[in-house]
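# Commentary on secondary and tertiary structure
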Amino acid sequence: HININSLGITGPLVWVRGDKDVGILAGAATSCAADSVFTTGQVEGKQVGGLFGSADGVSINQSFSTAYVVGTVAEGIKSAVGGLVGNASGLGINYSYAAGELLINSKQIRFGRPGGLVGTLTTGNINNSYWATKPNGGENAVDNLDINSTALTEVEGVSLAQLQCPTAANDTQCVPGKTIFAYWQQAEANNGFQAWAMGDSHELPALFMGGKLYRDNDRNSIPDTIDLKDSDKDGVPDLVDDFPQFP
């Protein structure tokens, strides 16, 4: 079992192209956990996702991708295109989001449609996770879903502007009738560490790693990195430290 923690793959040179099983973090992943990871850039393939092209027995927690994901097609083969994962079984996604543009380079429905989070999911659970439906995002969280062996809880697709709107978790104001980033603060309390920082109503949530905040608000492949002041040098940034002057 492999654990991938606190990792970002980003920058203007991130452009991954392949045939099948293509992802920025990994093409094909088996029995691993990805916690606090993010990707930007562009990725292209038949089974393709912003993080993983295919995933079997994988968990994704408190992570995001703003990658431009392009599904290529071949005669008789349906693409599996997702904001985070292309094709998956035994998948768990928790407290994560995808905000990149998604495309299958064929207008024929028989080749599939992009899934906001996952292209094809045979078994698994997605909880408290979100994706940008427009501009150019998936209509559904999962394009091809086995409803008998999967479960989606507090999973919502909203526009990019609505995804940027909340300034705190459990927001009920930005999208009428919907709660955005539900229970994200409670998850952080249970895990015992700060993972996310919300923006100013025009910013995507930023991932907290190594004393910095990372977000790709304009989806240009270059993350907006914020160095966080830590006055008392206790490893907790002043922004989220109850006692910033006392270690």
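Description of the structure in this document.

How each quantity is defined
- Residues numbered from 1 in each chain as written.
- Predicted model: local features only at pLDDT ≥ 70, side-chain atom pairs only at ≥ 80, totals over all residues.
- Heavy atoms only, no water.
- Helix = DSSP H or I, 4+ residues; strand = E, 2+ residues; numbered from the N terminus.
- Buried < 20%, exposed > 50% of the residue type's maximum accessible area, 1.4 Å probe, protein only.
- Contact = heavy atoms within 4.5 Å.
- Areas by Shrake-Rupley, 256 points an atom, 1.4 Å probe, with all protein chains shown as cover.
- Pairing = 2+ DSSP bridges.
- Axes fitted to C-alpha atoms, helices over the stretch in contact; angles between N-to-C directions.
- Phe/Tyr/Trp six-rings, centres within 6.5 Å; stacked < 30°, edge-to-face > 60°.
- Disulfide = S-S within 2.5 Å.
- Arc of directions from axis to C-beta.
- Patch = residues over 30% accessible without salt bridge, like charges linked within 9 Å, V, L, I, M, F, W, Y side chains within 5 Å.
- Salt bridge = Lys/Arg side-chain N within 4 Å of Asp/Glu carboxyl O.

Scanning the chain for helices and strands turns up two helices and 22 strands. Across the 247 residues in the chain, those meeting the buried criterion constitute 52%. Taking contacts inside the chain between residues at least 6 apart in sequence as the whole, the part at least 24 apart equals 67%. Put simply, the chain shows about 11000 Å² of open surface, and 49% of that area lies on carbon and sulfur atoms.

Where strand E20 (residues 206-209) meets strand E21 (residues 212-215), three bridges bridge the pair, whose relative direction is antiparallel. What sits directly across from Phe-208, in E21, is Leu-213. Counting the residues in the hairpin turn of E20 and E21 gives two residues, including Gly-210, whose phi is positive at 55°.

Moving on to the sheet that holds strand E14 (residues 102-104). Two strands in a sheet stick together by hydrogen bonds in their backbones, pointing the same way (parallel) or opposite ways (antiparallel). Strand order across the open sheet formed by four strands is E2-E5-E9-E14, with parallel pairing between neighbours. The outermost strands of the open sheet, each flanked by one partner alone, are strand E2 (15-17) and E14. Between one strand axis and the next, the sheet turns by 10° as a mean value, whatever way the strands run.

For the rest of this paragraph, the subject is the packing of aromatic side chains. Enumeration according to the criterion identifies nine aromatic pairs in this entry. Judged by centre distance (5.1 Å) and plane angle (15°), the rings of Phe-38 and Phe-64 are stacked. Linking Phe-38 in strand E4 (residues 26-39) with Phe-64 in strand E8 (residues 64-65), this pair joins segments that are 26 residues apart in sequence. In terms of burial, Phe-38 and Phe-64 fall into one category: buried. Taken together through their ring pairs, the aromatic side chains of Phe-38, Phe-64, Tyr-97, Tyr-130, Phe-181, Trp-184, Trp-196 and Tyr-214 make up a single cluster.

Inspection of every chain in the model, using the stated rule, returns one disulfide. For Cys-165, the disulfide goes to Cys-174, at an S-S distance of 2.1 Å. Residues Cys-165 and Cys-174 are joined by a disulfide whose S-S torsion is about -75°; by sign, that bridge is left-handed.

This part takes up unusual backbone geometry. With the exception of glycine, most residues fall at negative phi, and the peptide bonds are largely trans. Phi is positive for Ser-6, which is not a glycine, with a value near 50°. By the element assignment, Ser-6 lies in strand E1 (residues 2-9). Phi is positive for Asp-21, close to 60°, though the residue is something other than glycine. Among the structural elements, Asp-21 can be located in the loop between E2 and strand E3 (22-23).

Here we come to the environment of Gly-53. With respect to the element layout, Gly-53 can be found in strand E7 (residues 52-61). With 34 residues separating them along the chain, Gly-53 and Asn-87 place their C-alpha atoms 6.5 Å apart. What Gly-53 contacts, discounting residues up to four positions off in sequence, is Asp-21, Val-22, Gly-23, Ala-26, Gly-27, Gln-47, Val-48, Val-85, Gly-86 and Asn-87.

This paragraph deals with helix H2 (residues 184-191). Taken together, the buried positions of H2 are occupied by Trp-184, Ala-187 and Glu-188. Seen along its axis, H2 keeps its buried residues to an arc of 100°; they face one direction. Seen from the open side of H2, the exposed residues pointing more than 90 degrees away from its buried face are Ala-189 and Asn-190. Looking at the buried residues of H2, the elements they touch are strand E13 (97-98), strand E16 (124-132) and strand E19 (196-197). Backbone geometry just after H2 places Gly-192 at a positive phi near 80°.

It is worth spelling out a nonpolar patch on the surface at this point. Together, Leu-145, Ile-147 and Leu-152 give the surface a local cluster of nonpolar side chains, amounting to about 270 Å² of exposed area. Within the secondary structure layout, Leu-145 lies in strand E17 (residues 140-145).

Before going further, it helps to spend a moment on the pattern of salt bridges. Going through the model one piece at a time under the given rule, you end up with four salt bridges. Glu-156 is the salt-bridge partner of Lys-178, the closest N and O atoms lying 3.4 Å from each other. Of this pair, Lys-178 sits in the loop between helix H1 (160-164) and H2 while Glu-156 sits in strand E18 (residues 150-158), and the two are 22 residues apart along the sequence. Linking Glu-203 and Arg-215 is a salt bridge whose minimum nitrogen-to-oxygen distance equals 3.6 Å.

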